[in-house]
Amino acid sequence: MAQFVPGGDEYPYYAPLGAVVATSVTIAASLRGTMRAFGAILIGAVVASVVDTFFEPSSFTVAAVVAVGVLLSALPVLGDKGSWVPTAALFVLVLGEGDSLQYTLSYAGLVLAGALIGTVISVLAPQVPTAPMASAVTSLRVVLCDQLESLAAGLEQQELPDERGWTGRQLSIESRLVRVQTELQRVQDSRHGNLRAVRHRVRLEQATEEARALAHCAWLAQDLTQIISGEERLGNSHLALGSELRPPTVEALRAVAGALASHRQGGADPGRIEQAWTAMAALTERLGTVRGAGEDGLHVASNIVNSLQRILRSVQRARDATHRAG
């Protein structure tokens with residue numbers, strides 16, 4: 001392709017660079033990356049040409065084009081390709097000295113040609129990025145199980161954790177949740193115009209349903225953590241669970257964590273789900289017979305039960321959905 005671009009024989013290595021820029025997991029992302037990179041190169045070339053027209057080459061002009069290029073790289077329309085602006089400006093100013101127009105045509109033309117080839121390859125052999133999403137889902141599932149286990153361990157201590165103690169038991173769920181949401185969106189984007197995605201429809205639907213279920217569980221687990229750490233804390237004048245509700249709550253937390261841990265592509269272990277519902281039934285029954293908790297305490301305890309039930313229902317719905325997809 002380089003021989004068909006003006007100046008291509010002198011700078012043929014820019015074409016592979018363009019192909020790398022355009023190669024992405026989705027066709028839309030490939031086209032978007034191509035246009036952003038090409039636009040960034042043109043902006044950088046304009047900056048260098050203007051500076052070269054009014055000033056003699058010097059360290060000042062180099063610093064000027066880099067500074068202006070860095071400022072323009074923040075343009076929202078360029079996205080993650082904004083860094084190409086100062087790079088292109090520097091290349092055009094230094095390497096294109098004396099014939100900046102010819103160099104710009106070669107540079108931008110070769111990058112565009114390589115990017116178009118990369119885009120065509122993405123269309124002919126598109127990727128289905130399920131592996132990154134599966135890794136993100138696994139990471140989130142592990143931290144959710146650990147969070148429920150951590151809450152259970154805190155509640156069964158002879159002396160409840162204080163504020164600092166509960167803070168140390170709060171795990172980093174948010175970052176893993178964001179990663180799952182990002183990978184889920186990439187998978188959804190990759191399905192547009194992707195024949196391979198059609199052939200792997202069932203596997204993609206199973207993976208998508210699992211990711212959505214885990215994301216819902218993450219929101220519920222974060223809320224549950226805030227409730228327990230705020231209400232069952234050393235130093236509180238009143239404890240919502242108290243000595244009567246704490247043991248069955250611990251059992252329910254661990255049973256739900258076990259059901260969640262068994263959740264894989266294709267669904268959770270039905271035996272673990274049944275054990276979790278049994279533990280939830282025992283907690284609910286105990287909640288109905290407890291005395292002396294007060295209206296506020298019963299309200300908090302009911303919220304804990306509700307959150308655990310919703311986590312379990314989300315896991316079960318994901319299992320049912322994947323079985324229907326199969």
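Rules and cut-offs
Positions within a chain are numbered from 1, following the residues in the order the chain's sequence is written. Residue-level local features of this predicted model are given only where pLDDT is at least 70; pairs of side-chain atoms are given and counted only at 80 or more, and the full residue set underlies all totals for whole chains, interfaces and linings. Note that water and hydrogens are dropped before the side-chain values are worked out from all heavy atoms of the structure. A run of H or I in DSSP counts as a helix once it spans at least four residues, and a run of E counts as a strand once it spans at least two, with each numbered from the N terminus. Whether a residue is buried, partly exposed or exposed follows from its accessible area with a 1.4 Å probe, protein chains only, as a fraction of its type maximum: under 20%, in between, or over 50%, in that order. We call two residues in contact whenever any of their non-hydrogen atoms come within 4.5 Å of each other. With residues, only the protein chains shown are counted as cover, and all accessible areas are computed by Shrake-Rupley using a 1.4 Å probe. Axes here refer to lines fitted to C-alpha atoms; in helices the fit is confined to the stretch in contact. Angles between the N-to-C directions go from 0 to 180 degrees. An angle below 35 degrees is treated as roughly parallel, one above 145 as roughly antiparallel, one from 65 to 115 as roughly perpendicular, and anything else as oblique. A crossing counts as left-handed when the near helix is turned anticlockwise from the far one by less than a right angle, and as right-handed when that turn is clockwise. Whenever Lys or Arg places a side-chain nitrogen within 4 Å of a carboxyl oxygen from Asp or Glu, that contact is recorded as a salt bridge. Gly falls in the polar group here, along with every residue not listed as nonpolar (Ala, Val, Leu, Ile, Met, Phe, Trp, Tyr, Cys, Pro) or charged (Asp, Glu, Lys, Arg). By disulfide we mean two sulfur atoms from cysteines, separated by a distance within 2.5 Å. Here a patch means residues that are over 30% exposed by relative accessible area and free of salt bridges, tied together within 9 Å if like-charged and within 5 Å if nonpolar (Val, Leu, Ile, Met, Phe, Trp, Tyr). Helix span is expected to be 1.5 Å times the residue number reduced by one. Arc, as used here, means the arc of the directions from the helix axis to the C-beta atoms.

Student: An account of the overall build of the protein is needed here, citing residue identities and associated values.
Tutor: Looking only at helices and strands, the protein features 13 helices and zero strands. Out of the 326 residues belonging to the protein, those deemed buried represent 45%. Contacts spanning at least 24 positions in sequence make up 78% of the contacts within the protein whose residues lie at least 6 apart. Carbon and sulfur atoms form 58% of the exposed surface of the protein, whose accessible area is close to 16,100 Å².

Student: Pulling in residues and values, what's your account of the environment of Ser30?
Tutor: By secondary structure assignment, the location of Ser30 is in helix α2 (residues 27-54). A residue is classified by how much of its surface remains accessible, and Ser30, at 0% relative accessible area, is buried. The spacing of Ser30 and Val120 is 90 residues in sequence and 9.1 Å in space, taken between C-alpha atoms.

Student: An account of the packing of helix α11 (residues 242-261) against helix α12 (residues 270-289) is needed here, citing residue identities and associated values.
Tutor: Relative orientation of the contacting elements α11 and α12 amounts to 160 degrees, with a least axis distance of 8 Å. Judged by the angle between their axes, α11 and α12 are roughly antiparallel. The two elements α11 and α12 meet at a crossing, and its hand is left-handed. For the pair formed by α11 and α12, the contact residues are Glu244, Leu245, Pro248, Thr249, Glu251, Ala252, Ala255, Val256, Gly258 and Ala259 on the first element and Arg272, Ile273, Gln275, Ala276, Ala279, Met280, Leu283, Arg286 and Leu287 on the second.

Student: Which residues make up the pattern of salt bridges, and what values do they have?
Tutor: Per the counting criterion, the structure on display carries six salt bridges. Measuring nitrogen to oxygen at the nearest pair gives 2.8 Å for the salt bridge that ties Arg254 to Glu156. In this pair, Arg254 sits in helix α11 while Glu156 sits in the loop between α6 (130-155) and α7 (163-168), placing the two residues 98 residues apart along the sequence. According to the relative accessible area criterion, Arg254 is partly exposed, its value standing at 29%. With a relative accessible area of 47%, Glu156 lands in the partly exposed category. Across the pair Glu244 and Arg286 runs a salt bridge, and its minimum N-O distance is 3.2 Å. In this pair, Glu244 is assigned in helix α11 and Arg286 in helix α12, connecting sequence segments 42 residues apart. Judged by relative accessible area, which is 33%, Glu244 ranks as partly exposed.

Student: So what about the packing of helix α3 (residues 59-72) against helix α4 (residues 84-95)? Which residues, and what values?
Tutor: Packing of α3 against α4 brings their axes to within 7 Å, and their N-to-C directions diverge by 155 degrees. With respect to α4, the axis of α3 lies roughly antiparallel. α4 is crossed by α3, and the crossing has right-handed handedness. From α3, Thr61, Val62, Val65, Val66, Gly69, Val70 and Leu72 reach across to α4, where they touch Val85, Pro86, Ala89, Leu90 and Leu93. Residues of the contact of α3 with α4, tallied by class, amount to 10 nonpolar, two polar and no charged.

Student: Break down the environment of Ala115 for me, with residues and values.
Tutor: You can see Ala115 is positioned in helix α5 (residues 100-124). Residues Ala115 and Leu31, 84 residues apart in the sequence, show an inter-C-alpha distance of 8.5 Å.

Student: Tell me what's going on with the state of the cysteines, and back it up with residues and numbers.
Tutor: This structure, assessed with the given rule, holds zero disulfides. Cys145 takes part in no disulfide bond, and the closest cysteine sulfur to it belongs to Cys217, at a distance of 9.2 Å.

Student: Which residues make up the side chain of Thr61, and what values go with them?
Tutor: If you trace the backbone, Thr61 turns up in helix α3. For Thr61, the residues in contact, after removing those within four places along its chain, are Val51, Phe55, Glu56 and Leu93.

Student: An account of a nonpolar patch on the surface is requested, with residue identities and associated values reported.
Tutor: Taken together, the side chains of Val46, Val50, Phe54, Phe55 and Phe60 define a hydrophobic patch exposed on the protein surface, amounting to about 540 Å² of accessible area. It is α2 that contributes the most residues to the nonpolar patch, three residues altogether. If you trace the backbone, Phe60 turns up in helix α3.

Student: Break down α3 for me, with residues and values.
Tutor: Spanning 14 residues, α3 covers 20 Å between terminal C-alpha atoms, matching the ideal 20 Å at 1.5 Å per step. Taken together, the buried positions of α3 are occupied by Thr61, Ala64, Val65 and Gly69. Each buried residue of α3 lies within a common arc of 125 degrees when the element is viewed along its axis, so the set occupies one face. Those residues of α3 that are exposed and aimed more than 90 degrees away from the buried face are Ser59, Phe60 and Leu71.

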